[in-house]
Structure formats: structure tokens, C-alpha cells
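# A look at the structure
Each chain, written out:
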Amino acid sequence: MHGADPRLVLGLHRSRHHRDILTAALDLGVTALDTAAPYLGFRSHTVLSETAADLLPKFTLSTKVGFFPRAGGAEHSLDPVRLRLAVERAARELGREPDTVLLHNPERSLAGLSTADGHTLLGNACTALADAARDGLCRAWGVTSWDTRTLSMVQVDDLPSPDVLMVRAGFLVGIDLLDATTVLSTAWQPDETWGMSPFRGGHRKVWEEFDPRPFLRPHHGDLSRIQAAFRTAFHLPSTSAMAVGTNDPGHLAQLVQALGAEVDTAAVSQYLRALHSEPGDQGLWCSGGSFRGS
Ligand SMILES: NC(=O)c1ccc[n+]([C@@H]2O[C@H](COP(=O)([O-])OP(=O)(O)OC[C@H]3O[C@@H](n4cnc5c(N)ncnc54)[C@H](OP(=O)(O)O)[C@@H]3O)[C@@H](O)[C@H]2O)c1
């Protein structure tokens, strides 16, 4: 069952990219990093190789392509040629091949297209990444999606199946998105599903109003609400790894400690049933944190 051996991936989206959090991660046994070409103002790869070249070989490393710099910001593209060049560039900038390259939020280029056009565009982009993996530019390839609702409307079952599908996870994800993710992963059958952004980038106040500790087996009562939210996120939806961000080694230690807790999956099922039974409910995020578990 997913969650039997949950894995923490240190996500660098909001990271200052300081060495201390990377060394702390290694000390805590966290050996997976997730970054993306556009992070840190498109400098994440180069800053990592400049400041932590000696540490990078100790991590498995995932990165993402699909956003490209343009004057004043970034643009999204699923052009296979640009994606291939971006994968090659990532390896050059990092000074090593990434283990996994993910197609970054492809829904950004699919919105508004017909189903047929979306299918062709997404298929060509997936093929570009699958080819990059086949050619040794990375070990595995995948897709990450902030909003799976658009993707779940594209017929994906005849497209290359990703090694990794990375999706939003946790109590701050609405039932409509969780359902769309289920539809997508059932059709696409990725080898692994990773969760991301279990705290939606912050929002600590939510946990003052909502206590997710009833979702853990009772003997884990000494964990904090945030630790319980993190651990339970591996079941919303079911994922084997979770990309989470922190600049604080103490916070990272708390998250690592939470990995050892056991989730009450019956309580999770009850939570999902409760969300389904309230049409229009957007999950804990919009329901005022009134759900109290079992
Ligand atoms: N579409 C995509 O591909 C996509 C989109 C978003 C995110 N992601 C991936 O998911 C990763 C995480 O996403 P995210 O950073 O947006 O959201 P997140 O992991 O949900 O939230 C990060 C925030 O949680 C706080 N936090 C972490 N551990 C804590 C603890 N033990 N106690 C209190 N606060 C804690 C951090 O603050 P402190 O620094 O103070 O600990 C930080 O502000 C990203 O780095 C990226 O790898 C991917």
C-alpha cells in the first residue's frame, strides 16, 4: 500500500537555496530534491551547481520544464523542440543529468484547446520527454500538474504513460481536484504518484482551526497538527512521495519525524465521503475546517 514507506522530497519552489537546508536534509536522511527551471527566477539550477556541487550527487534530483523566460516574466510552452532543449540545458546548468524531468503544469497550454488539439499537443510533449529519458538525458520522466481538472479532460490512455505523476495533495485540496486526479491516474497509470504542496505554500492559521491528528493512529498523539496534516497528505490522494518546502531545518526534522506515523485510512475514507456528500464543497480549504475526523 502507498504510504507504507513514505518518502519526503525537499521542494525548492520557495527555497532560498542556502546550503544549510541541503546539509540538514542529508543529515536527516532526506535524499530527494525537487526543483524546476523557473524557480529562483530561472536561476535554481545554476545556483545549486554553484553553491552545492559537492552535495548534488548525494541527492536524487527532479526538475521540471515547460516554463521559459521572456521579457518581464515567463511563458509556458509544450513545443517539443523547446522542451528537449530545456532538458539538455537543465543537465548543463546542474552539472549532472537530473534523475527525473517533469513536464511542468501542461494544463497551462491546454486550456481553451479542443480535446483533439490538447491530445496532440500533450502527446507530442510527453513523447519529447520520453525520448529524452530514452536518450539518457534523465533516468525517468513525468508530468506535474497544479490543476488536474483540465488534464483529466484530455484522453491520455493512449499517450506515453509517465514514470511519475506529481499532483497537489492534502487537506487543502478540494474534492473536485481529488476526483480529477483519480480520473487522470486511472487512465494514465503512472508508475508512481507523488504529492506536492501539502500546506499550499503556507496557510498556517488553518491548522489553528482544524486538528488533523484524529487521522493518525492514536499512539502518535504527540505529533503536532502540522505533522499530522503532512503525514495524512500522503493519502489525499494516495502517493508514495511528497514534495514539501521549508527553509527551516527544525521544520524539516518535524516532517521527517511525521513520516513514522501511521494514518487511519478509515478516517480518510470518511473524510472523502463527507466531502462528496456536500455538493460544491471545496474541501477543508473552503469548509471552514469544521470536519473533525472520526
Ligand atoms: N506545479 C508544480 O509542479 C508545483 C507547484 C507547487 C509546488 N510544487 C512542489 O512542491 C513543493 C512544495 O510546495 P510549496 O512550497 O508551494 O508548498 P508547501 O510545501 O505546502 O509549503 C511550504 C511552506 O510550509 C512551511 N512549512 C513546512 N514545514 C513546516 C513545519 N514543519 N512547520 C511549519 N511550517 C512548515 C514552510 O515554511 P518554513 O520555510 O518556515 O518551514 C513553507 O512556507 C515545491 O517546492 C515544489 O517542489 C510543484
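For clarity, every value in this text was computed on a predicted model and none was experimentally measured. (Residues numbered from 1 in each chain as written. Predicted model: local features only at pLDDT ≥ 70, side-chain atom pairs only at ≥ 80, totals over all residues. Heavy atoms only, no water.)

A count of helices and strands for the protein chain gives 13 helices and 10 strands. Taking 2.2 N^0.38 as the reference for a compact globule, 294 residues should give roughly 19 Å; the C-alpha atoms of the protein chain span a radius of gyration of 19 Å, in line with that estimate. Projected onto its principal axes, the C-alpha positions of the protein chain cover 50 × 45 × 35 Å. Put simply, the protein chain has 294 residues, and 53% of those count as buried. Counting only contacts in the protein chain whose residues sit at least 6 apart along the sequence, the fraction spanning at least 24 positions is 76%. With 27 positive and 33 negative side-chain charges, the protein chain shows a separation of 5 Å between the mean positions of the two kinds. (Helix = DSSP H or I, 4+ residues; strand = E, 2+ residues; numbered from the N terminus. Rg over C-alpha atoms; globule rule 2.2 N^0.38 Å. Buried < 20%, exposed > 50% of the residue type's maximum accessible area, 1.4 Å probe, protein only. Contact = heavy atoms within 4.5 Å. Lys, Arg positive; Asp, Glu negative; His and termini not counted. Charge placed at Lys NZ, Arg CZ, Asp CG, Glu CD.)

Attention shifts here to the packing of helix H3 (residues 44–52) against helix H4 (residues 80–94). Contact pair H3 / H4: the axes reach a minimum separation of 7 Å and the direction vectors enclose 25 degrees. One finds that H3 runs roughly parallel with respect to H4. Residues His45, Thr46, Leu48 and Ser49 of H3 pack against Ala90, Glu93 and Leu94 of H4. For the contact of H3 with H4, the residue count by class is three nonpolar, three polar and one charged. (Axes fitted to C-alpha atoms, helices over the stretch in contact; angles between N-to-C directions. Parallel < 35°, antiparallel > 145°, perpendicular 65-115°, else oblique. Nonpolar A, V, L, I, M, F, W, Y, C, P; charged D, E, K, R; others polar.)

Residues in close proximity to the ligand total 29 residues, the closest being Asp34, Asn105, Phe199, Thr246 and His251. Within the side chain of Gln254, an N or O atom sits 3.1 Å from a nitrogen atom of the ligand. Contact with the protein chains covers 91% of the free accessible surface of the ligand, which is 900 Å². The site holding the ligand turns out to be the largest pocket. Broken down by secondary-structure element, the contributors of at least two residues to the shell around the ligand are strand E10 (241–244) and helix H11 (249–258). Per-element accounting of the shell around the ligand gives the leading share, three residues, to H11. (Near = heavy atom within 4 Å. Polar contact = N/O pair within 3.5 Å; in protein donor to acceptor, adjacent residues only side chain to side chain. Areas by Shrake-Rupley, 256 points an atom, 1.4 Å probe, with all protein chains shown as cover. 1 Å grid on protein atoms, 1.4 Å probe; cavity = no way out; pocket = protein on both sides within 12 Å on 5 of 7 lines; lining within 4 Å. Sits in = over half its atoms within 2 Å of the grid points.)

So, on to the pairing of strand E1 (residues 7–11). The element E1 is extensively covered by neighbouring structure, given that four of its five residues are classed as buried. The pairing of E1 with E10 spans four bridges and is parallel. Bridged to Leu10 within E10 is Val244. One ladder, built from two bridges, connects E1 with strand E2 (residues 32–34); its direction is parallel. Residue Gly11 lies in a different strand from E2, and its bridge partner there is Asp34. Taking the sense of rotation as the criterion, the β-α-β connection linking E1, helix H1 (residues 19–27) and E2 turns out right-handed. (Pairing = 2+ DSSP bridges. Right-handed = clockwise from strand over helix to strand, strands pointing away.)

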